[in-house]
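Per-entry structural report
Read off the chains here:
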Amino acid sequence: MKRTINGTEYDIKPGADLREANLSGAHLREANLSGADLSEAKLNGANLFEANLLVANLSKADLREAYLSKADLSGADLCGADLRGANLIRTSFCGAVIDGAIVRPKDIGGPGHILCALTDDEWALIKKGRDNG
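Note that this is a predicted model, so its numbers are computed, not measured. (Residues numbered from 1 in each chain as written. Predicted model: local features only at pLDDT ≥ 70, side-chain atom pairs only at ≥ 80, totals over all residues. Heavy atoms only, no water.)

Moving on: unusual backbone geometry. With the exception of glycine, the majority of residues adopt a negative phi angle, and the majority of peptide bonds are in the trans configuration. One non-glycine residue with positive phi stands out, namely Glu50, at about 55°. According to the relative accessible area criterion, Glu50 is partly exposed, its value standing at 33%. A positive phi angle is found at Glu65, which is not glycine, with a value near 60°. Mapped onto the fold, Glu65 is located in the loop between strand 2 (8-11) and helix 1 (120-131). (Buried < 20%, exposed > 50% of the residue type's maximum accessible area, 1.4 Å probe, protein only. Helix = DSSP H or I, 4+ residues; strand = E, 2+ residues; numbered from the N terminus.)

Let's shift gears to the packing of aromatic side chains. Throughout the structure, instances matching the rule amount to one aromatic pair. Arranged with centres 5.8 Å apart and planes meeting at 25°, the rings of Phe49 and Tyr67 form a pair that is stacked. Pair noted here: Phe49 is in the loop between strand 2 and helix 1 and Tyr67 is in the loop between strand 2 and helix 1, with a separation of 18 residues, a long-range link. Classification of Phe49 by relative accessible area gives buried; the value is 11%. (Phe/Tyr/Trp six-rings, centres within 6.5 Å; stacked < 30°, edge-to-face > 60°.)

Take the environment of Asn47 next. The topology assignment puts Asn47 in the loop between strand 2 and helix 1. Separated by 24 residues in the primary sequence, Asn47 and Leu23 place their C-alpha atoms 9.9 Å from one another. Only 3.0 Å separates the side chain of Asn47 from the backbone nitrogen of Phe49, close enough to count as a polar contact. (Polar contact = N/O pair within 3.5 Å; in protein donor to acceptor, adjacent residues only side chain to side chain.)

Right, dumping it as structure tokens:
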């Protein structure tokens, strides 16, 4: 789907090449950007609620203040991404690479909460442990 964002036309679709794109403040709610290359993209303040970002490349992306609640970032590359101030409530990071990502404790729920990238098998094992209590 072609969208004009900040004066530039972008093709918002799975596998899109959006390297270094200026998507600041964009309304990308429920967008399917699975497999997209968003490396070094400016997504600060973007609404990515329930967005599909499976295996997307978000390395060195600016995601400050982005709304990522319920987004699926499973298998995504977030190396060096800036997530300060981003809403990460109920965001899935299963199998994501988060090395060097910048995130503040309060952005992941405050002290006592842990941001980690688990595979589906690891998450299933944790859930099984919770259920067996």
